[in-house]
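# Structure at a glance
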Amino acid sequence: MMNINCARFLLLITPLLCGMRDPFAPVVDRCHTAELSQWHYRGIAQSSGRLIGFVQTREGKWLRVEQGQTINSDWLVSGMTPESLSVEAGQGCEPQRWQWKREGTKHDKKDKPADTAGVAAIGSGEKHHAGGGRRPSGAGATKSGRP
């Protein structure tokens, strides 16, 4: 009888001694890899020869990052171009390297390059006003067709 009780006790305590985890508990994401796809690379700026990237977190918080900087506790910024930003997630993480492509915003249309053809068409002696129209210069200038 004693051997049966001892065997039952060992069967009950063995899973606890082996370190079995709760199957209903969420898996701990030590590398934060689930967050990688929820962050957004928005662009880059250059200041005093330094490249500064702009990243938006899943909560909408903006971060300024530089190459070699650690973000989100474990990600190391390993590469930065105007088109992409790369991070190393660390040893034992899958994926170990992640790259974001630059994503635009709804205001990208305002960031188009200036129309240089309109600037070349400006003749000498013409002035422009804030609305973009032209008017002849000179105090006594008259419109064509009028005396």
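Quick caveat, the model's predicted, so the values are computed rather than measured.

## What to know about the pairing of strand β1 (residues 40–47)
Across seven bridges, the pairing between β1 and strand β2 (residues 50–56) is antiparallel. The residue bridging Gly 43 from the neighbouring strand is Phe 54, located in β2. Hairpin connection between β1 and β2: a loop of two residues separates the two successive antiparallel strands, and Ser 48 in this loop has a positive phi of roughly 50 degrees.

## Topic: the side chain of Gln 56
Looking at the element boundaries, Gln 56 is found in strand β2. On the basis of relative accessible area, Gln 56 is assigned to the buried category, the value being 16%. For Gln 56, the side chain forms a polar contact with the side chain of Arg 42, separated by 2.9 Å. Setting aside chain neighbours within four positions, we find Gln 56 in contact with Gln 38, Trp 39, His 40, Arg 42, Lys 61 and Trp 62.

## Digging into the pairing of strand β5 (residues 75–80)
Sheet analysis places strand β4 (residues 70–71) next to β5, joined by two bridges and oriented antiparallel. Each residue of the ladder has a partner; that of Ile 71, found in β5, is Trp 75. Direction of pairing for β5 relative to strand β6 (residues 84–88): antiparallel, over a ladder of four bridges. Counted as the bridge partner of Leu 76 is Glu 88 from β6. Two successive antiparallel strands, β5 and β6, enclose a turn made up of three residues.

## Here's the deal with the confidence of the model for the chain
Overall, the prediction assigns the chain a mean pLDDT of 75, with 65% of residues at 70 or greater. Helix α3 (residues 116–120) is the least confidently modelled element of the chain, averaging 45 in pLDDT, while strand β3 (residues 62–65) averages 94, the highest of any element. Predicted confidence for residues 114–124 stays below pLDDT 50, and this span has two contacts to residues more than four positions away or in other chains.

Rules of the game
Residues numbered from 1 in each chain as written. Predicted model: local features only at pLDDT ≥ 70, side-chain atom pairs only at ≥ 80, totals over all residues. Heavy atoms only, no water. Pairing = 2+ DSSP bridges. Helix = DSSP H or I, 4+ residues; strand = E, 2+ residues; numbered from the N terminus. Buried < 20%, exposed > 50% of the residue type's maximum accessible area, 1.4 Å probe, protein only. Polar contact = N/O pair within 3.5 Å; in protein donor to acceptor, adjacent residues only side chain to side chain. Contact = heavy atoms within 4.5 Å. pLDDT = per-residue confidence, 0-100.

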